[in-house]
Amino acid sequence: MGNSDPDEAATATTVSRRTFAKTSVAAGAAAVALPTALRGDTLTGAAPTAAGKVSAANRAALPAPRVSPPEHVIGYGGVGAHPSAVPATSTRKSYPGGWQPGRTIAGEYYFDEEHYLKDEAFLRESQWMFADVACRIPTAGDYFVFEYGGNDSVIVVRGNGGDVKAFHNVCRHRGSRLCRHDGDAVPGDPRLSVKQLGSNGSSPVFRCPYHAWTYDTEGSLIYAYGMQEDFDPADNGLIPCYLRNLEGNIFLNLSQAAEPPDFDEQVGGLRPTLEYYGTAELKVAVRQKYSISGNWKLALENFQECYHCGPAHKSLVTTHNYDMEGTPEQHAQRAASVRAWVKPEGQRNLGGGFGGGMGMGSGGGSGSETYGVFGRLNSGYMTGSVDGKPLAPLLPNIDDWTYGTRIAATRFFSYYAQCYDDHVAIARFTPRGPALTDCELIWLVHPDAVEGRDYDRDELMALWHITIQEDIWVVENNQQGVRSGSYRSGRYSTAETGPSNFAEWYMEQIVG
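### Looking at the pattern of salt bridges
Under the criterion given, the structure shown has 12 salt bridges. Between Glu 147 and Arg 432 there is a salt bridge, with the nearest N and O atoms lying 3.2 Å from each other. You can see Glu 147 sitting in strand 4 (residues 142-148) and its partner Arg 432 sitting in strand 17 (residues 424-433), a full 285 residues away along the chain. The salt bridge partner of Glu 218 is Lys 165, with a shortest N-O separation of 3.5 Å. Separated by 53 residues along the polypeptide, Glu 218 in the loop between strand 9 (214-216) and strand 10 (221-223) and Lys 165 in strand 6 (residues 164-168) bring together distant segments of the chain. By relative accessible area, which is 32% here, Glu 218 ends up partly exposed. Residue Lys 165 is classed as partly exposed on the basis of its relative accessible area of 25%.

Structure, rendered in structure tokens:
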């Protein structure tokens, strides 16, 4: 866009989203222009197409916006089928509090502790959550702690046989945690006798700091003293946590049910994309943790639309092509061109595209709660970098530069991977409290890449490190706003299909 403004050339009867945002009309008075600093005129990237504008005269003739199925979630940038082209699916007549699909939810669901605890319990029982990448714990005894919600804690460890296992971080004696969460293995005062493992590291055993009950990496109780003659250590091992390893990505389900939810239904659709980019072979170049003072739903809603990208993400829209305006026909044509464009000579085409393959995951079966979207980068940009230049060697499975990117994500964004030809950036979102969400970004590169020679950590991180900080800003600001007594439920725009679907799922599955 630069400093040029295509909306200025619009006719008097043409009203675009940007023109509307730059003016206000009160009681028939003349429009008042907003300050340039609030208009986003300095943003760069692909300019919106004039053909996407809707005249005031024709606006009434457009079909009413309809909410797409929950499976048809859209990636960061709102890429996906145009809302008017997606059929409505919900046949439910009424929702709690009179809520209706296509509208935002009441503010209380974003801050009330009672609602949050219900959310937390539902997700604990029904969802597979991304914990980390398996290459973090390469050798027997390597472990890390995964925290969920206000109280849940899981130890993920590489067993002696090489398998990755998970156990609830609770001693079977009187419930103490075996590993700390703050990273410190020993209290600061050296005179104190208590010893405890930290939040990550390597150890052949897990020893409770309270009474010294000790467990091996298989979760078996191997030491406990002073117990009764009929006490059986075999019945007092650590409680296992459901775990699946998908192409080097570790997912956990914290349910105590006899059987966990269907993993392939929720996560299996990620497999083709993760196989294509070879995530099981890659290594961690850098990771960064972030704390978001906002409800988990606000964080996820924000990551499922790019209605905010123009005002909030200059760097992202300069690199990625997020052209959200246009007719359904133009979106379909753009999707077809992307599907044809993303297949480099001699390489597999995974299908999908803008609006293609959605709801089927990255090649997943019908009903899969994952999706994958091919997207293109702006002209002159080779990868997800601030300047468009390569950041690392091509990944092992990639033969040549495609100038594109692919998203692979679970429906509820516990796992979100933005895949490029030379690296993969993974985002993990984990609810921790009514107004607290953990976020961690992990950047993966070629297993043979050497820091300082083949990649620079700061340059590799830059684009998504900038983007997530901007997202934290807007989410925390949003959290403050929805707490106001003046907040009212409103309508999602046609560029917010993702959060609209998410809200419908939330109101029906959790609240309802």
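Picking up where we left off.
### Quick word on the confidence of the model for the protein
When pLDDT drops low, the exact placement of atoms in the prediction is not to be read closely. With 70% of its residues at a pLDDT of at least 70, the protein reaches an overall mean of 78. For residues 77-89, every residue scores under 50 in pLDDT, and the model assigns this stretch 45 contacts once sequence neighbours within four places are set aside.

### Re the pairing of strand 15 (residues 404-410)
In terms of burial, strand 15 is a largely internal element, 7 of the 7 residues being buried. Residues Gly 404, Arg 406, Ala 408 and Thr 410 line one face of strand 15 and the alternating positions Thr 405, Ile 407 and Ala 409 line the opposite face, and both faces are buried. Examined bridge by bridge, strand 15 and strand 16 (residues 415-419) share 4 bridges and lie antiparallel to one another. The partner of Ala 409 across the bridge, within strand 16, is Tyr 416. Turn length for the strand 15-strand 16 hairpin, with the two strands adjacent in sequence and antiparallel, is 4 residues, and the turn residue Phe 413 shows positive phi of about 60°.

### What about the state of the cysteines?
Counted under the stated rule, the structure contains 1 disulfide. Covalent S-S linkage joins Cys 306 and Cys 309, the inter-sulfur distance amounting to 1.5 Å. Handedness here is read from the sign of the S-S torsion; for Cys 306 and Cys 309, about -110°, the answer is left-handed. Residue class for Cys 306 comes out buried when judged on its relative accessible area of 5%.

### Considerations on the environment of Gly 375
Residue position: Gly 375 is located in strand 14 (residues 370-376). A residue is classified by how much of its surface remains accessible, and Gly 375, at 8% relative accessible area, is buried. For the pair Gly 375 and Ile 407, spaced 32 residues apart in the sequence, the C-alpha separation amounts to 8.0 Å.

What counts, and where the lines are drawn
- Residues numbered from 1 in each chain as written.
- Predicted model: local features only at pLDDT ≥ 70, side-chain atom pairs only at ≥ 80, totals over all residues.
- Heavy atoms only, no water.
- Salt bridge = Lys/Arg side-chain N within 4 Å of Asp/Glu carboxyl O.
- Helix = DSSP H or I, 4+ residues; strand = E, 2+ residues; numbered from the N terminus.
- Buried < 20%, exposed > 50% of the residue type's maximum accessible area, 1.4 Å probe, protein only.
- pLDDT = per-residue confidence, 0-100.
- Contact = heavy atoms within 4.5 Å.
- Pairing = 2+ DSSP bridges.
- Disulfide = S-S within 2.5 Å.

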